[in-house]
Amino acid sequence: MTTETKTEIPQATGACCSPSGSCHGGGAAEVQLGGATAVYEVKGMTCGHCEGAVTSEIAAIAGVTSVTAVAATGQVTVVSDAPLDEATVRAAVDEAGYELVTRA
């Protein structure tokens, strides 16, 4: 007998984005205190699905303990055990399909 583990990112119900680009739901993970905290500006996020995609990719970086992505502001707050290499964060954001603009 095998056991299968399924991890799903919560998504808004119904249509993901309205024509104006606003999201009908979703939300970001809560930031945990401790370690190094960095805030990045990410271009192209418009909804909860976008937040989830960016969060998943950045959370996969070794040492990351918390990620909060906010589509409305374009800001992504990352808490990690130690400061992260910006190129590594940029690659994760690119993999999610978005653009890392700057470190805020």
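Report on the accompanying structure. (Residues numbered from 1 in each chain as written. Predicted model: local features only at pLDDT ≥ 70, side-chain atom pairs only at ≥ 80, totals over all residues. Heavy atoms only, no water.)

A few words on the overall build of the protein. Looking only at helices and strands, the protein has 2 helices and 4 strands in total. Mapped from its N terminus to its C terminus, the protein presents α and β elements in the order β-α-β-β-α-β. Scored against the burial criterion, the 104 residues of the protein give a buried share of 35%. By sequence separation, contacts in the protein at least 24 residues apart represent 63% of the contacts at least 6 residues apart. (Helix = DSSP H or I, 4+ residues; strand = E, 2+ residues; numbered from the N terminus. Buried < 20%, exposed > 50% of the residue type's maximum accessible area, 1.4 Å probe, protein only. Contact = heavy atoms within 4.5 Å.)

Val42, Met45, Val54, Ile58, Val76, Val89 and Tyr98 are the most contacted members of the largest nonpolar core, which has 23 residues in total. At the level of elements, strand S1 (36-43), helix H1 (48-59), strand S2 (64-70), strand S3 (75-80) and helix H2 (86-96) are the ones that each hand at least two residues to this core. The contacts of Ile58, once residues within four sequence positions are left out, are Val64, Val67, Val76, Val78, Val89, Ala92 and Val93. (Core = buried A, V, L, I, M, F, W, Y, C linked by side-chain atoms within 4.5 Å.)

A separate point is the sheet that holds strand S4 (residues 99-103). Spatially, 4 strands are ordered S2-S3-S1-S4 in an open sheet, and the strand pairing comes out antiparallel. Either end of the sheet is taken by a strand with one partner, and the two such strands are S2 and S4. In this sheet, adjacent strand axes meet at a mean angle of 30° when their direction is disregarded. Note: S1 against S3, 6 bridges, orientation antiparallel. (Pairing = 2+ DSSP bridges. Axes fitted to C-alpha atoms, helices over the stretch in contact; angles between N-to-C directions.)

What follows is about the pairing of S1. Alternating positions in S1 separate cleanly, Ala36, Ala38, Tyr40 and Val42 being buried on one face and Thr37, Val39, Glu41 and Lys43 remaining unburied on the opposite face. Note: S1 against S4, 4 bridges, orientation antiparallel. Residue pairing across strands places Tyr40 opposite Arg103, the latter belonging to S4.

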